[in-house]
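Chain by chain, the residues run as shown.
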Amino acid sequence: MTSHETGPPAPEAAADAVSVVAPQLRSLRRRAALTLEAAARAAGLSPAHLSRLETGQRQPSLPMLLALARVYGTTVSELLGETAPDRDAVVRADAMEPTYAGGWTYWQAGGAGRGMQALRVHVPHGSQGDIVRVHPGEEWLHVLRGRLRLRLGGTVHLLGPGDGAHFDSLTPHRIAAQDPDGVDLLFVHTLLQSPTAALCLGPAPTTTHPASGETP
């Protein structure tokens with residue numbers, strides 16, 4: 001399989017992404033009937049940081065989007081204001097539009113409305129390497145190109161092309177590119193709030209689980 005590397009987004013593309021994400025974050029939080037404080041606590045953010053995301057003063061990273069998607073009971077695509085395509089088993093390469101979040105570039109590689117979300121991700125060197133995530137669910141990743149530095153708990157693993165990892169997301173984990181050219185991954189994560197919760201397809205449940213993310 002061949003990955004496609006892209007450079008940083010153009011300023012106008014990044015601005016468009018922020019203009020769409022900010023009101024969508026606020027709308028989905030209100031749909032979930034969560035206060036700013038409750039949503040921030042569940043996502044592992046400070047209320048001030050979440051407020052800046054909702055007003056467009058800060059751009060969310062991909063780990064933040066994943067955490068907020070779980071809290072709000074939705075997908076990253078909906079947080080970004082993307083219209084969900086018809087539920088189809090086949091996802092064509094030409095239908096995968098790149099999206100930028102916190103320095104990462106990713107493409108939706110799976111269908112909408114499923115129990116898992118599949119992404120193809122490019123992680124630049126030095127981007128988000130200090131963010132440790134903890135949240136319910138499972139994650140699977142497969143290195144397409146470059147080398148990945150994966151920290152699971154207190155152990156650091158160096159993965160090359162063809163290597164993969166499958167782990168419980170409650171294990172503190174950190175993803176970073178080892179090489180200057182970055183790393184390309186296939187990445188799959190579950191969209192379950194908890195082992196017994198419904199799929200993240202509608203309004204979030206009344207109880208949520210904390211997930212860590214970046215703090216101001």
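### A word on the overall build of the protein chain
Regarding its fold elements, the protein chain presents five helices and nine strands. Starting at the N terminus and walking to the C terminus, you meet the elements of the protein chain as α-α-α-α-α-β-β-β-β-β-β-β-β-β. For the protein chain, the residues scored as buried account for 44% of the 216 residues in total. Taking contacts inside the protein chain between residues at least 6 apart in sequence as the whole, the part at least 24 apart equals 68%. Surface accessibility of the protein chain: about 10,200 Å² in total, with carbon and sulfur atoms responsible for 54%.

### Observations regarding the environment of Trp 140
Within the fold, Trp 140 resides in strand E4 (residues 138-145). Sequence separation of Trp 140 and Ala 118 is 22 residues, and the distance between their C-alpha atoms is 9.3 Å.

### Quick notes on the confidence of the model for the protein chain
Averaged over all residues, the pLDDT of the protein chain is 74; the fraction at 70 or higher stands at 71%. Averaged over each element, pLDDT in the protein chain is lowest for helix H1 (residues 11-31) (71) and highest for strand E6 (residues 155-159) (96). Overall, residues 1-15 carries pLDDT values under 50, and its contacts beyond four positions in sequence, including any with other chains, amount to 19 contacts. Here residues 192-216 is a poorly scored stretch, pLDDT under 50, and it has 70 contacts once near neighbours within four places are set aside; other chains count.

### Notes on the sheet that holds strand E9 (residues 183-190)
Read across the sheet, six strands follow the order E1-E2-E3-E9-E4-E7 without closing on themselves; strand pairing throughout is antiparallel. Two strands in the sheet have a free side with no partner beyond their single neighbour: strand E1 (99-101) and strand E7 (164-168). With strand direction ignored, the average angle separating the axes of adjacent strands in the sheet is 25°. Note: E4 against E7, five bridges, orientation antiparallel. Each bridged residue has a counterpart across the sheet, and for Leu 141 the counterpart in E7 is Ala 165.

### Overview of the side chain of His 189
By the secondary structure assignment, His 189 is in strand E9. The exposure class of His 189 is buried, given its relative accessible area of 1%. At 3.0 Å, the side chain of His 189 forms a polar contact with the side chain of Arg 70. Excluding residues that lie within four positions of it along the chain, His 189 makes contacts with Leu 66, Arg 70, Met 116, Gln 117, Glu 138 and Glu 139.

### Some details on the packing of helix H2 (residues 36-43) against helix H3 (residues 47-54)
At a minimum axis separation of 8 Å, H2 and H3 run at an interaxial angle of 105°. With respect to each other, H2 and H3 are oriented roughly perpendicular. Across the interface between the two elements, Leu 36, Glu 37, Ala 39 and Ala 40 from H2 touch Pro 47, Leu 50, Ser 51 and Glu 54 from H3.

### A look at the pattern of salt bridges
Taken as a whole, this structure holds four salt bridges when the rule is applied. As a salt-bridge pair, Arg 145 and Asp 184 come within 3.0 Å of each other at their nearest N and O atoms. Taken as a pair, Arg 145 in strand E4 and Asp 184 in strand E9 lie far apart in primary sequence, 39 residues in all. Look at Asp 184 and you get buried, because its relative accessible area is 2%. Salt bridges linked by common partners bring Arg 26, Arg 29 and Glu 54 together as one network.

The rules behind the values
Residues numbered from 1 in each chain as written. Predicted model: local features only at pLDDT ≥ 70, side-chain atom pairs only at ≥ 80, totals over all residues. Heavy atoms only, no water. Helix = DSSP H or I, 4+ residues; strand = E, 2+ residues; numbered from the N terminus. Buried < 20%, exposed > 50% of the residue type's maximum accessible area, 1.4 Å probe, protein only. Contact = heavy atoms within 4.5 Å. Areas by Shrake-Rupley, 256 points an atom, 1.4 Å probe, with all protein chains shown as cover. pLDDT = per-residue confidence, 0-100. Pairing = 2+ DSSP bridges. Axes fitted to C-alpha atoms, helices over the stretch in contact; angles between N-to-C directions. Polar contact = N/O pair within 3.5 Å; in protein donor to acceptor, adjacent residues only side chain to side chain. Parallel < 35°, antiparallel > 145°, perpendicular 65-115°, else oblique. Salt bridge = Lys/Arg side-chain N within 4 Å of Asp/Glu carboxyl O.

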